[in-house]
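Topology and contacts: notes
Now for the letters of each chain:
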Amino acid sequence: MVYGTVYPKNETFDKRIIEQLNSIVPGGVSDKEADRIVYSKDYWPIALRWYLDGTVPALPDCIVWPENAEQVAGIIKLANDWRTPVVPYGEGSGVVGGAVPVKGGIVVDMRKMDRVVEIDDASLMVTAQTGINGMNLERHLDREGYTMGHIPQSLYCSSLGGWLACRAAGQFSTKYGKIEDIVVAIEAVLADGSFIKSKAVPRSSTGPSVERLLLGSEGTLGIITEATLKIWPYPEERAMVSFIFDSISHALETVRKIMRKNVYPAVVRIYDKNETLRHFYIKNKCMLILLMEGDKELVKLEKGISVKVCKSEDGNECGEEPVLHWLDMRFNVKESSEFTPKGFIFDTVEVSSGWKNAMSLYKAIIQAMRNVDGVVVASGHASHFYPQGVCFYFTFGGLPPKHVTPFKFYESVWDAIMEACLREHGSISHHHGIGLMRAKWLKEEMGERMSILKKIKKVIDPNNIMNPGKMGVGNEE
């Protein structure tokens, strides 16, 4: 091995595990070095920097590709016998290090469990295995005349299981909700190898929804193997409008007033002045784009109300073009491959806030990023909206000062953002999850709930095999 690893190698892995895994998943196990390097990271931006410097984040000891839930249970039971870590893996599109195997062990890649099990037209629900690629699921639904409305930027390179594990949000979430709003029921294998399955009913009053502990658990409690989700008839009509405002506060206030009318455009995005210039080439203005879709009459109504509110707030109408431009560019993530090789360190960080503190949080985080020595880009946009508040998506970029490592620079900007967010009463993550990057801030975010989460982890996963080292909930803590 001519390269180093950021996290130390697992020295306790017993090669006999490989043979036993092969008996559970015949032909579906690999401990080849090339495969181990491929699964050493996810889409965490700083990991790409390490790669370019000749260092991989952390090596798993092997990778396994199960084809059914029984095999998943067998893998987890074996891992318990050997006290070996298990790291669930969707498609590796996470951006905070959640799938990095920091303790080594077995990476369980779910991609072979990719079947659409059933579409229930009467109840508007789809059941699918969680290894299915997001775009493949949406394409399947579209062909059958439906949509799930969950369209994250990572649609082409993320999985249903990954969405559930980090409580993801799609670009159309203002109408369709986040994934936790869309999911109806799940089947999962817990950390002891046992199964749980909830009923696909719209609501029930049968005690706490224990299965929902798996949502956002990032693989630390078990592996979700199948899910039933809400779907909708494929939109009959789509309408697009855009407006520019003199300030982001004015644009936010406009959307707040739209939301108070119980109107839910599918896409609502507000860009601050820096991002409006970067994305739409308009100086000293803030762009608001709106996209309505669904039943023709409903779209007409939502568009009419939205336009009326925007005009009453002195918005300057810009037509469909900015929305069409956004639709063309919305899956473009080429910046990481363009700028990271040049030494530029950058990332995006999403947080959420109630309306009352939204502007103070936005200003505090922009200032916090600019205060870090070396930062040259500090901007933001708002991308998910609720009658109660908003999700901000911040972007920072810069060059580490002399004698500061890329990671220290990267961490110092993250720290500044997290501190400002908590100080302004925001939540430190809206939809990317905790992973490695936010773990040290989770206790402050959760307060007393953190001790309860640790107790739950200890009961469900007494051997701490499930994605250890993440979220600050393992027994090693």
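Since this is a predicted model, take the numbers as computed values, not measurements.

**Quick word on the environment of serine 353**
Locating serine 353 in the fold gives a position in strand β18 (residues 345-354). With 85 residues separating them along the chain, serine 353 and valine 268 place their C-alpha atoms 16 Å apart.

**So, helix α9 (residues 248-260)**
In this model α9 runs 18 Å from its N-terminal to its C-terminal C-alpha over 13 residues, within 8% of the 18 Å that 1.5 Å per residue would give. Directly beyond the C-terminal end of α9, a positive phi value near 65 degrees is found at asparagine 262.

**Considering the pattern of salt bridges**
If you walk through the whole model with that rule in mind, you get 18 salt bridges. The closest approach of N and O atoms between lysine 197 and glutamate 187, which form a salt bridge, is 4.0 Å. Placement of lysine 197 in strand β11 (residues 195-197) and of glutamate 187 in strand β10 (residues 183-190) is noted, with a sequence separation of 10 residues between them. According to the relative accessible area criterion, glutamate 187 is buried, its value standing at 16%. A salt bridge links glutamate 313 to lysine 257; the nearest nitrogen and oxygen atoms lie 2.8 Å apart. Separated by 56 residues along the polypeptide, glutamate 313 in the loop between α11 (296-312) and β17 (316-317) and lysine 257 in helix α9 bring together distant segments of the chain. You can call glutamate 313 buried: its relative accessible area is 13%. The class for lysine 257 is partly exposed, based on a relative accessible area of 30%. Through salt bridges with shared partners, one network takes in Lys408, Glu411, Asp415 and Lys440.

**With respect to the sheet that holds strand β5 (residues 86-89)**
Paired through their backbone hydrogen bonds, the strands of a sheet run either parallel or antiparallel. If you walk across this open sheet you meet the 4 strands as β2-β4-β6-β5, and the pairing is mixed. The open sheet is flanked by β2 (29-30) and β5, the only strands paired with a single partner. In the sheet, strand β4 (residues 62-64) pairs with strand β6 (residues 106-109) via 3 bridges, with the strands oriented parallel. Bridging from a neighbouring strand, cysteine 62 pairs with isoleucine 106 of β6.

**A word on the pairing of strand β20 (residues 389-398)**
In terms of burial, β20 is largely enclosed, as 10 of its 10 residues are buried. Both faces of β20 are covered, namely the face carrying Gly389, Cys391, Tyr393, Thr395 and Gly397 and the face carrying Val390, Phe392, Phe394, Phe396 and Gly398. Sheet analysis places β18 next to β20, joined by 10 bridges and oriented antiparallel. Paired with valine 349 across the strands is phenylalanine 394, a residue of β20. Sheet topology note: the strand β19 (residues 375-385)/β20 ladder contains 9 bridges and is antiparallel. Residue pairing in the sheet places valine 375 in a bridge with glycine 398 of β20. Adjacent in sequence and paired antiparallel, β19 and β20 are bridged by 3 residues.

**Observations concerning the sheet that holds β10**
The 5 strands are arranged β7-β8-β12-β10-β11 in an open sheet whose pairing can be described as antiparallel. At either margin of the open sheet sits one strand with a lone partner, and together these are β7 (116-120) and β11. Direction aside, neighbouring strands of the sheet carry axes that sit 15 degrees apart on average. When β10 meets strand β12 (residues 222-230), the two strands line up antiparallel, connected through 7 bridges. For leucine 190, the partnering residue across the bridge sits in β12 and is glycine 222.

**Quick notes on the side chain of glutamate 180**
With respect to the helices, strands and loops of the structure, glutamate 180 is situated in helix α8 (residues 179-182). A relative accessible area of 17% means that glutamate 180 is categorised as buried. Reaching out from glutamate 180, the side chain makes a polar contact with the side chain of arginine 167 at a distance of 3.5 Å. Residues in contact with glutamate 180, not counting those within four places in the same chain, are Arg167, Ala168, Arg212 and Leu215.

**Side note on the nonpolar core**
Ranked by internal contacts, the top residues of the largest apolar core, which has 72 residues, are Phe385 and Phe392. Element by element, the count of residues in this core is highest for helix α15 (residues 406-423), at 10 residues. Counting 67 residues, the second largest nonpolar core, distinct from the first, contains Ala128, Tyr176, Met240 and Trp326.

**Focus on the state of the cysteines**
Overall, the coordinates contain 0 disulfides when judged by the stated rule. As a non-bridged cysteine, cysteine 166 has cysteine 157 as the owner of its nearest cysteine sulfur, 12 Å distant.

**A short note on the environment of proline 233**
Within the element layout of this structure, proline 233 appears in strand β13 (residues 232-233). For the pair proline 233 and aspartate 121, spaced 112 residues apart in the sequence, the C-alpha separation amounts to 9.2 Å. The residues touching proline 233, leaving out its near neighbours within four places in the chain, are Leu124, Gly145, Tyr146 and Thr147.

**Focus on unusual backbone geometry**
A positive phi angle, close to 65 degrees, is found at asparagine 262, a residue other than glycine. Tracing the backbone through its elements, the reader meets asparagine 262 in the loop between α9 and β15 (267-271). At aspartate 314, a residue that is not glycine, the phi angle is positive and equals roughly 65 degrees. Tracing the backbone through its elements, the reader meets aspartate 314 in the loop between α11 and β17. Residue classification places aspartate 314 among the exposed residues on the basis of a relative accessible area of 63%.

**What about the packing of aromatic side chains?**
Enumeration over the complete set of coordinates arrives at 13 aromatic pairs. Measuring from ring centre to ring centre gives 5.4 Å for tryptophan 44 and tryptophan 50, while their planes differ by 85 degrees; the resulting arrangement is edge-to-face. Given the relative accessible area of 2%, tryptophan 44 is considered buried. Given a relative accessible area of 12%, tryptophan 50 falls into the buried group. Taking 5.7 Å as the distance between ring centres and 35 degrees as the angle between the ring planes, the aromatic pair formed by tryptophan 50 and phenylalanine 407 counts as tilted. One end of the pair, tryptophan 50, is in helix α3 (residues 45-52); the other, phenylalanine 407, is in helix α15, with 357 residues separating them in the sequence. Residue phenylalanine 407 is classed as partly exposed on the basis of its relative accessible area of 24%. The ring of tyrosine 51 carries lysine 41 above its face, with NZ or CZ at 5.2 Å from the centroid. Its guanidinium or amino end placed over the ring of tyrosine 176, lysine 175 lies 5.9 Å from that ring's centre, counting from NZ or CZ.

Definitions and limits used
- Residues numbered from 1 in each chain as written.
- Predicted model: local features only at pLDDT ≥ 70, side-chain atom pairs only at ≥ 80, totals over all residues.
- Heavy atoms only, no water.
- Helix = DSSP H or I, 4+ residues; strand = E, 2+ residues; numbered from the N terminus.
- Expected span 1.5 Å × (residues − 1).
- Salt bridge = Lys/Arg side-chain N within 4 Å of Asp/Glu carboxyl O.
- Buried < 20%, exposed > 50% of the residue type's maximum accessible area, 1.4 Å probe, protein only.
- Pairing = 2+ DSSP bridges.
- Axes fitted to C-alpha atoms, helices over the stretch in contact; angles between N-to-C directions.
- Polar contact = N/O pair within 3.5 Å; in protein donor to acceptor, adjacent residues only side chain to side chain.
- Contact = heavy atoms within 4.5 Å.
- Core = buried A, V, L, I, M, F, W, Y, C linked by side-chain atoms within 4.5 Å.
- Disulfide = S-S within 2.5 Å.
- Phe/Tyr/Trp six-rings, centres within 6.5 Å; stacked < 30°, edge-to-face > 60°.
- Lys NZ or Arg CZ within 6 Å of the ring centre and 35° of its normal.

The quantities given are spatial measurements derived from coordinates; they are silent on function.
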